[in-house]
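# Remarks on the overall topology
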Amino acid sequence: MAYEHFLRGGAFIGGQWSQAEDRTEFPVVNPATGEEIARVANCGRQETAQAIGAAVRAQREWSALPAKKRAGVLRAWHDLLIANQEPLARLLTAEQGKPLAEARGEIAYGASYIEWFAEEAKRINGDVIPAPSGDKRAICLKQPVGVVACITPWNFPNAMLARKIAPALAAGCAVVCKPANETPLSAFALAALAEDAGVPAGVISVLCGRTEEIGRELTSSKSVRKLTFTGSTAVGKKLMSDCAGSVKRMSMELGGNAPFIVFDDADIDAAVTGLMASKFRNAGQTCVCANRILVQDGVYDEFSSKLVRAVQNLKVGDGMEDGVGVGPLISEKAVEKVSGLIEDACEKGAKVLYAGASASGPCFVNPTVLEDVSADMRVFTDEIFGPVAPLARFATEDEAIRIANDTDYGLASYVYTRDMARIWRIGESLEYGMVGVNEGIISNEAAPFGGVKESGFGREGSKYGLDDYLELKYMCIGGIDK
């Protein structure tokens, strides 16, 4: 099946495919080719209010549905995603640019969260608390938080949305989703397959367009009881402020500045393999991407030379082409930012160890390895979001920990060492929500994904992933001894 089967324009509101009230649209463009793929409804405040209203109405019946039935619908949705993995992957590559092999992996990754929470839906258990006195009983219930607003970025347009919608639906919530304007088509495909799986009208609505209008309506509406956001720290702070007026529940998965620490006793070949997976996946456009590569003096030369050889083997190009390992960045603006970080580093003394030839096109950046990077360079302090690997030396374990923690961010971190005692010391000392030890890919549906400090709060996936979509209700029942 061709991906065109899943092309949708318009917006999906209350179970209907519709246009914006003013009939305006905006284009979705393939970043590798500049080709216009589709036109999408340019929605705003009015359409968002309609979606919220539909979610409120649908919430009542969906939350009343037995958990086993909600689980069955989610499972059917998962199965449809897996059955349509290839066209969904091609659609994702067409709008986002990542290599097709990575897109296939993202579809499976997103589906894994739907499968996981289909199973967890049946395990939302309350408690009976020891009675405070003989005539009373104390019970704790878990109930859905209510209508949830989901705002997701363009770097993982399928998986980021799937791992928000799945726990919300498992808990009995309805959702209003605002995917990134750059990549709405994967979100629409998710909604279409959810409808086919039996998700009732109004439980999932998806719309894009005038971002500020949509955001203001979602944050100001008292009918929206929770907002979950993945994106930049700056936007996350703005959303937190806007949600304060109605005291919404929030989950925030924000920016990162991940250290990748390689000690003298590490398996260097394994460390290079892990870094390649962490750093260059999705052209470096991931929030858990290795951002600062810290290598101990004794293995620095070996590591850097092996890394350069590995980077030289990367093929850059259109993600639809066979063998491509690095696709385009999402936009020319993204290219300008990454290029500016490289220029700033070189002006301040960093050296280019390698900068490969890129494919032609305004959205491509050469995979680049820098050395002699220091803390005064923006490439060391800012989230790069591009295929640039900055290397820095360190001498001692304490120095590595100090450098790694010297950031406002605290999402992911990575350590390569064969010393078990060091693994415990480093793991406990790093101020990050996630630590990968001798592993460059750490995300999976069974693990709690999330950060600390200015990388946000809340966790996605794992047995903890339902907590942010549930309210605890305490019931005290008196008169038992009468």
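In this text the structure is predicted, and so the values were computed from the model without any measurement.

A covalent bond between the sulfur atoms of two cysteines is what we call a disulfide. Taken as a whole, this structure holds 0 disulfides when the rule is applied. Sulfur of Cys 43: no disulfide; nearest cysteine sulfur belongs to Cys 208 and is 7.6 Å away. Cysteine Cys 346 remains unbridged, with the sulfur of Cys 289 as its closest cysteine sulfur at 18 Å. Residue class for Cys 346 comes out partly exposed when judged on its relative accessible area of 33%.

Our focus in this paragraph is the sheet that holds strand β15 (residues 368-371). Spatial ordering of the open sheet is given by β14-β15-β16-β13-β12-β17-β18, a layout of 7 strands whose pairing is mixed. Only two strands of the sheet have a single partner each, and these edge strands are β14 (351-355) and β18 (434-437). When the angles between neighbouring strand axes are averaged without regard to direction, this sheet yields 20 degrees. Of the strand pairs in this sheet, strand β12 (residues 258-262) and strand β13 (residues 290-296) are connected by 5 bridges, and their pairing is parallel. Bridge pairing links Pro 259 to Arg 292 in β13. Strands β14, β15 and β16 (388-394) of the sheet are contacted by helix α11 (residues 332-347), whose axis makes an angle of about 25 degrees with β15.

Let us now look at unusual backbone geometry. Here the phi dihedral of Arg 23 falls at roughly 70 degrees; this positive angle occurs in a residue that is not glycine. Accessibility expressed as a relative area gives 61% for Arg 23, which makes it exposed. Positioned with a positive phi, Phe 385 is a non-glycine residue whose angle comes to about 55 degrees.

Contact geometry of helix α4 (residues 100-120) with helix α5 (residues 159-171) gives a least axis separation of 8 Å together with a crossing angle of 10 degrees. Classified by the angle between their axes, α4 and α5 sit roughly parallel to one another. Across from Glu 106, Tyr 109, Gly 110, Tyr 113, Ile 114 and Phe 117 in α4, the residues of α5 making contact are Ala 159, Ala 162, Arg 163, Ala 166, Pro 167 and Ala 170.

The next point concerns the environment of Gly 10. Here Gly 10 shows up in the segment before β1 (11-13). When the C-alpha atoms of Gly 10 and Val 262 are compared, they prove to be 48 Å apart, with 252 residues separating the residues in sequence. Look past the residues within four positions of Gly 10 in its chain and what remains in contact with it is Ser 18, Gln 19, Arg 39, Val 40, Ala 41 and Phe 188.

Moving on, we get to the layout of surface pockets. Roughly 1200 Å³ of volume is contained in the largest pocket. The set of elements that each furnish at least two residues to the lining of the largest pocket consists of α7 (211-220), β10 (224-230), α8 (233-243) and α11. Counted by class, the lining of the largest pocket contains 20 nonpolar, 13 polar and 10 charged residues. Of the pockets and cavities examined, the second largest pocket occupies roughly 310 Å³. Residue lining of the second largest pocket: 20 residues in total, with Tyr 109, Phe 156, Arg 281, Ile 441 and Ser 443 positioned closest to the centre.

This part is about the sheet that holds strand β5 (residues 127-129). Pairing is antiparallel across the open sheet formed by 3 strands, whose spatial order is β5-β6-β20. If you trace the sheet from one side to the other, it starts and ends with β5 and β20 (470-477), each paired once. Across this sheet, the average inter-strand angle for adjacent strands is 25 degrees, counted without regard to direction.

In this section: the nonpolar core. Core analysis: the largest hydrophobic core is formed by 65 residues, its most contacted members being Trp 77, Leu 169, Val 175 and Ile 204. Not counting residues up to four positions away in its chain, the partners in contact with Ile 204 are Phe 12, Trp 77, Ile 165, Leu 169, Val 175, Ala 191, Ala 194 and Val 199.

Bringing empty space enclosed by the protein into the picture now. Under the definition given, this model contains 1 cavity of 30 Å³ or more. What the largest cavity holds in volume is close to 40 Å³. In terms of lining residues, the largest cavity is bounded by Lys 164, Thr 228, Phe 229, Ser 251, Met 252, Glu 253, Phe 449, Gly 450, Phe 457, Gly 458, Arg 459 and Glu 460. Looking at which element gives the most residues to the lining of the largest cavity, the answer is strand β11 (residues 249-253), with 3 residues. Taken together, the residues of the lining of the largest cavity sort by class into 4 nonpolar, 4 polar and 4 charged.

So, about the packing of aromatic side chains. One pass over the structure, following the stated rule, counts 7 aromatic pairs. Judged by centre distance (5.1 Å) and plane angle (85 degrees), the ring pair of Tyr 109 and Tyr 113 falls under edge-to-face. One end of the pair is Tyr 109 and the other is Tyr 113, both in helix α4 and 4 residues apart, which spans about a single turn. Residue Tyr 109 shares its accessibility class with Tyr 113, and that shared class is buried. Seen in terms of ring centroids, Trp 154 and Phe 385 are 5.7 Å apart; in terms of plane orientation they differ by 85 degrees. Their pairing is edge-to-face. Here Phe 385 lies in the loop between α12 (378-381) and β16 and Trp 154 lies in the loop between β7 (147-151) and α5, a separation of 231 residues in the sequence. No difference in accessibility class separates Trp 154 from Phe 385, as the two residues are buried. Aromatic rings pair up to connect Phe 12, Trp 17 and Phe 188 into one cluster. Its guanidinium or amino end placed over the ring of Phe 156, Lys 98 lies 3.8 Å from that ring's centre, counting from NZ or CZ. For Arg 422, the ring lying beneath its charged end belongs to Phe 263, and the centroid distance is 4.2 Å.

Okay, the pattern of salt bridges next. This model, assessed by the stated rule, comprises 28 salt bridges. Between Arg 393 and Asp 301 there is a salt bridge, with its nearest N and O atoms 3.4 Å apart. Within this pair, whereas Arg 393 is found in strand β16, its partner Asp 301 is found in helix α10 (residues 300-312), the two being separated by 92 residues in sequence. Judged by its relative accessible area of 53%, Asp 301 falls in the exposed class. A salt bridge links Glu 431 to Lys 453; the nearest nitrogen and oxygen atoms lie 3.1 Å apart. Highlighted residues: Glu 431 in the loop between α14 (420-429) and β18 and Lys 453 in the loop between β18 and β19 (456-457), separated in sequence by 22 residues. Of the residues examined, Glu 431 reaches a relative accessible area of 38% and is grouped as partly exposed. One salt-bridge network, in which partners are shared between bridges, spans Arg 163, Lys 164, Glu 253 and Glu 460.

Rules used throughout
Residues numbered from 1 in each chain as written. Predicted model: local features only at pLDDT ≥ 70, side-chain atom pairs only at ≥ 80, totals over all residues. Heavy atoms only, no water. Disulfide = S-S within 2.5 Å. Buried < 20%, exposed > 50% of the residue type's maximum accessible area, 1.4 Å probe, protein only. Pairing = 2+ DSSP bridges. Helix = DSSP H or I, 4+ residues; strand = E, 2+ residues; numbered from the N terminus. Axes fitted to C-alpha atoms, helices over the stretch in contact; angles between N-to-C directions. Contact = heavy atoms within 4.5 Å. Parallel < 35°, antiparallel > 145°, perpendicular 65-115°, else oblique. 1 Å grid on protein atoms, 1.4 Å probe; cavity = no way out; pocket = protein on both sides within 12 Å on 5 of 7 lines; lining within 4 Å. Points joined across faces, edges and corners; volume = space filled by probe spheres on them. Nonpolar A, V, L, I, M, F, W, Y, C, P; charged D, E, K, R; others polar. Core = buried A, V, L, I, M, F, W, Y, C linked by side-chain atoms within 4.5 Å. Phe/Tyr/Trp six-rings, centres within 6.5 Å; stacked < 30°, edge-to-face > 60°. Lys NZ or Arg CZ within 6 Å of the ring centre and 35° of its normal. Salt bridge = Lys/Arg side-chain N within 4 Å of Asp/Glu carboxyl O.

The values reported here are purely geometric and, on their own, carry no functional implication.
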